[in-house]
Amino acid sequence: AGRWDDVERVRKVMADRGVQKEPGCSSVEVRNMVHEFAVGDRLHPQSEEIYAGLERLSRQMKEAGYVPDTKLVLHDLDEEQKEHLLCYHSEKLAICFGLINTPTGTPLRIINNLRVCRDCHTATKFISKIVDRKIVVRDSNRYHCFKDGLCSCGDYW
C-alpha cells in the first residue's frame, strides 16, 4: 500500500546478495514443436500476430466482464501501465499462439514453470468461454483445466 521505498530497498538487498527471481516461462506444443514464451516476449517469428490476437482477446474479455487484477503488479506505475504488463504474461502469449495455430475446438495444453498468477487464472477462464476451447495449464503446483469459463481447481490453488 504505497510502500515503494521498501520495495526498492528489498530489491536492492536481493541484487546485492545475488538473489534472482526465476523468470516465468510458458510453453505450448504445436505440430510436434515446442514453442516457449517469456513475459513480454517478442522474439517469436509470429509475435506481431500473437500481440494483435491478444489485443482482440483483451477487448472481448473486457466486454465479457473481465477486469485485470492490477494489485498483482508490484511496480509503481499507473493503472494503464499495470494492465499492459499483465496482458503479456507468458501463459497468455502461449495461449494466444496456440489459438492462432491449432484448429478450432482443439484443446490447448500449456506448461508453466511457475505458479499461475491470479490474473492469468481469471483471464484463462474468460478466454476458455470466449473461444469455446478446453485449455489445460500445468503450473508448478497442479493442473488447471479451463472449460466454459470455469476451472477444475474451483478457484482454489
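Up top is the structure these notes are about.
The residue numbers shown here count from 1 along each chain, following its written sequence. Selection of residues for local features in this predicted model requires a pLDDT of at least 70, selection of side-chain atom pairs for listing and counting requires 80 or more, and totals for whole chains, interfaces and linings are taken over all residues. For the side-chain quantities, the full set of heavy atoms in the structure was used; hydrogens and water were omitted.

Draft legend 1. Spatial organisation of the overall build of the chain. Each helix is a run of H or I in the DSSP string that is no shorter than four residues. Each strand is a run of E no shorter than two, and both are numbered from the N terminus. Within the chain one finds five helices and six strands. We call a residue buried when its accessible area falls under 20% of the maximum for its residue type, exposed when it is over 50%, and partly exposed in between, using a 1.4 Å probe and counting protein chains only. For the chain, the proportion of its 157 residues judged to be buried stands at 38%. Two residues qualify as a contact provided that any one of their heavy atoms is within 4.5 Å of a heavy atom in the partner residue. Considering only contacts in the chain between residues 6 or more positions apart, those separated by 24 or more positions represent 63%. Computed with the Shrake-Rupley method and a 1.4 Å probe, the accessible areas treat only the protein chains shown as cover for residues. Just so you have it, the chain exposes about 9800 Å², and 52% of that area is on carbon and sulfur atoms.

Draft legend 2. Layout of a nonpolar patch on the surface. A cluster of nonpolar side chains, namely Val10, Met14 and Val19, defines an oily patch on the protein surface of about 220 Å² accessible area. Secondary-structure assignment places Val10 in helix α1 (residues 4-16). For Val10, a relative accessible area of 38% translates into the label partly exposed. In this analysis, a patch consists of residues with relative accessible area above 30% that form no salt bridge, clustered at 9 Å for like charges and at 5 Å for the nonpolar side chains Val, Leu, Ile, Met, Phe, Trp and Tyr. The rule for a salt bridge is simple: a side-chain nitrogen of Lys or Arg has to be within 4 Å of a carboxyl oxygen of Asp or Glu.

Draft legend 3. Structural view of the state of the cysteines. Cysteine sulfur pairs qualify as disulfides if the two atoms are within 2.5 Å. Overall, the coordinates contain zero disulfides when judged by the stated rule. The cysteine Cys87 is free of any disulfide, with Cys96 supplying the nearest cysteine sulfur at 9.0 Å. Assessed through its relative accessible area of 12%, Cys87 is described here as buried. Looking at Cys153, it has no disulfide partner, and the nearest cysteine sulfur is the one in Cys151, 3.5 Å off. For Cys153, a relative accessible area of 14% puts it in the buried group.

Draft legend 4. Seen up close, helix α2 (residues 47-63). What a helix should span is 1.5 Å times the count of its residues minus one. Across its 17 residues, α2 extends 24 Å between first and last C-alpha, which sits within 8% of the 24 Å expected from 1.5 Å per residue. Taken as a whole, α2 has its buried residues at Ser47, Ile50, Tyr51, Gly53, Leu54, Leu57, Ser58 and Met61. Viewed end-on, α2 has its buried residues packed into an arc of 160°, placing them on one side of the element. Pointing more than 90 degrees away from the buried face of α2 are the exposed residues Glu48 and Glu63. Downstream of α2 by one or two residues, Gly65 has phi in the positive range, about 110°. Along the arc lie the directions from the helix axis toward the C-beta atoms.

Draft legend 5. Layout of the sheet that holds strand β5 (residues 143-147). Should DSSP find at least two bridges between two strands, the strands are regarded as paired. Here we have six strands laid out as an open sheet, ordered β2-β1-β3-β4-β5-β6, and mixed in their pairing. Two strands in the sheet have a free side with no partner beyond their single neighbour: β2 (33-38) and β6 (150-151). Examined bridge by bridge, β5 and β6 share two bridges and lie antiparallel to one another. Bridge pairing in β6 links Phe146 to Cys151. For helices, the fitted axis covers only the stretch in contact; all axes are lines through C-alpha atoms, and the angles between them, taken along N-to-C directions, range from 0 to 180 degrees. Lying over the sheet, helix α5 (residues 118-131) contacts β4 (135-138), β5 and β6, oriented at roughly 35° with respect to β5.

Draft legend 6. The arrangement of the pattern of salt bridges in detail. Enumeration according to the criterion identifies four salt bridges in this entry. The shortest N-O distance in the salt bridge between Asp16 and Lys12 comes to 3.0 Å. Placement of both Asp16 and Lys12 in helix α1 is noted, with a separation of four residues, approximately one turn of the helix. Accessibility classification places Asp16 together with Lys12 in one group, the exposed group. One salt bridge connects Asp155 with Lys125, and the closest N-O pair in it is separated by 2.8 Å. Pair noted here: Asp155 is in the segment after β6 and Lys125 is in helix α5, with a separation of 30 residues, a long-range link.

Read these as layout, nothing more, since geometry by itself doesn't imply function.
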